[in-house]
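Structural features, examined
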Amino acid sequence: MEHPTPLRRKPVQRRSAERLTRILDACAELLDETGYDELSTRAVAHRAEVPIGSVYRFFGNKRALVDALAERNLDRYVRRVTARLRDVPTGDWRAAMDAVLDEYLAMKRTAPGFSLVDFGTQLPVGAPDADPNHRVADTLTDLLAPRLDRTPDPALRRAFLVAVESADALVRLAFRIDPERGDAAVIGEVRELLRAYLARVLD
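Overview of the structure. Not measured: the values here are computed from a predicted model. (Residues numbered from 1 in each chain as written. Predicted model: local features only at pLDDT ≥ 70, side-chain atom pairs only at ≥ 80, totals over all residues. Heavy atoms only, no water.)

**What about the nonpolar core?**
As a rule of thumb, soluble globular proteins bury nonpolar side chains together. Residues Tyr-77, Leu-85 and Leu-144 are the most contacted members of the largest nonpolar core, which totals 40 residues. At the level of secondary structure, the elements contributing two or more residues to this core comprise helix H4 (62–85), helix H5 (93–110), helix H7 (132–144), helix H8 (154–177) and helix H9 (184–202). Ignoring sequence-local partners within four residues, the contact set of Tyr-77 consists of Val-100, Glu-103, Tyr-104, Met-107, Phe-119 and Leu-140. Counting residues in hydrophobic clusters, the runner-up holds 24 residues, among them Ile-23, Cys-27, Ala-28 and Ala-48. (Core = buried A, V, L, I, M, F, W, Y, C linked by side-chain atoms within 4.5 Å. Buried < 20%, exposed > 50% of the residue type's maximum accessible area, 1.4 Å probe, protein only. Helix = DSSP H or I, 4+ residues; strand = E, 2+ residues; numbered from the N terminus. Contact = heavy atoms within 4.5 Å.)

**Quick notes on the side chain of Asp-98**
Looking at the element boundaries, Asp-98 is found in helix H5. Exposure remark for Asp-98: the relative accessible area of 17% places this residue in the buried category. When neighbours within four sequence positions are excluded, Asp-98 is seen to be in contact with Arg-84, Arg-191 and Arg-195.

**Some details on the packing of aromatic side chains**
The final tally for this structure, using the stated rule, is six aromatic pairs. Between the aromatic rings of Phe-58 and Phe-59, the centroid separation amounts to 6.3 Å while the plane-to-plane angle is 55°, which identifies the pairing as tilted. Take Phe-58: its relative accessible area is 3%, and that puts it in the buried class. By relative accessible area, Phe-59 is classed as buried at 1%. Here the aromatic cluster, defined as three or more aromatic residues joined through ring pairs, consists of Tyr-77, Tyr-104, Phe-114 and Phe-119. The aromatic ring of Tyr-36 is capped on one face by Lys-62, whose charged end is 4.5 Å from the ring centroid. The positively charged end of Lys-108 is found above the aromatic ring belonging to Phe-175, 5.6 Å away from the centroid. (Phe/Tyr/Trp six-rings, centres within 6.5 Å; stacked < 30°, edge-to-face > 60°. Lys NZ or Arg CZ within 6 Å of the ring centre and 35° of its normal.)

**With respect to H5**
Between its first and last C-alpha, H5 extends 26 Å over 18 residues, near the 26 Å set by a 1.5 Å rise per residue. For H5, the full list of buried residues reads Trp-93, Ala-96, Met-97, Asp-98, Ala-99, Val-100, Leu-101, Glu-103, Tyr-104, Leu-105, Met-107 and Lys-108. Structurally, H5 contributes buried residues whose contacts are with H4, helix H6 (114–117), H7, H8 and H9. (Expected span 1.5 Å × (residues − 1).)

**Some details on the pattern of salt bridges**
In this structure the tally under the stated criterion is 16 salt bridges. The salt bridge involving Asp-142 is made with Arg-157; its shortest N-O contact spans 2.7 Å. Residue Asp-142 is found in helix H7, and its partner Arg-157 is found in helix H8; the two are separated by 15 residues along the sequence. Of the residues examined, Arg-157 reaches a relative accessible area of 23% and is grouped as partly exposed. The network of salt bridges with shared partners includes Arg-80, Arg-84, Asp-98, Asp-102, Glu-103, Arg-191 and Arg-195. (Salt bridge = Lys/Arg side-chain N within 4 Å of Asp/Glu carboxyl O.)

**What about the environment of Thr-151?**
Structurally, the position occupied by Thr-151 is in the loop between H7 and H8. Sequence separation of Thr-151 and Thr-141 is 10 residues, and the distance between their C-alpha atoms is 9.1 Å.

**A short note on empty space enclosed by the protein**
Within this structure, the stated rule accounts for one cavity of 30 Å³ or more. Estimated volume of the largest cavity: approximately 230 Å³. If you go around the largest cavity, you meet 18 residues; those closest to its centre are Tyr-77, Val-100, Tyr-104, Val-164 and Ala-167. When residues of the lining of the largest cavity are traced back to their parent elements, those giving at least two are H5, H7 and H8. Among the elements that take part in the lining of the largest cavity, H8 stands out by supplying six residues, more than any other. Of the residues that constitute the lining of the largest cavity, the class distribution is 14 nonpolar, two polar and two charged. (1 Å grid on protein atoms, 1.4 Å probe; cavity = no way out; pocket = protein on both sides within 12 Å on 5 of 7 lines; lining within 4 Å. Points joined across faces, edges and corners; volume = space filled by probe spheres on them. Nonpolar A, V, L, I, M, F, W, Y, C, P; charged D, E, K, R; others polar.)

Structure representation (structure tokens):
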């Protein structure tokens, strides 16, 4: 599914792409250090060691900047899940969902800025009617359906949306209890909940 990009312009040269990467990396670091409210495009430019005009060449404001970081997070997450799925036998949806959850937890624990932004769900990022969990669910449906020998029909999309919404809420709870790693007992319950719910649809 197509989604609008927060970029004013896409980099076409390697130098521009590298500059964009530095800007997003700086944004992620500053989010961890100061939070969203204190984030500024000027601070991002200073951390990235680029002129402030370079930031505005790509982004109209800090909201678009953080939206782009969330988009990059989703792209990286999909690549990580795709790599994990290469070792999962076709049709083994439980192992596939373990990969989906494990890679999300790994990014939650290690990726700069991810604990605050993840895929855009924790901040008022993007258009007011944007729904990042719908985007995540659609992305996972399109990624997993062929590997599960399923058609990505509305019923499957709805099931993955419910799974994503449920896991999102409970993983947040786990990280409120243990901000560094996520509470292991709650994460275990998330895994069991996903398996029990999706068994109705995927078995």
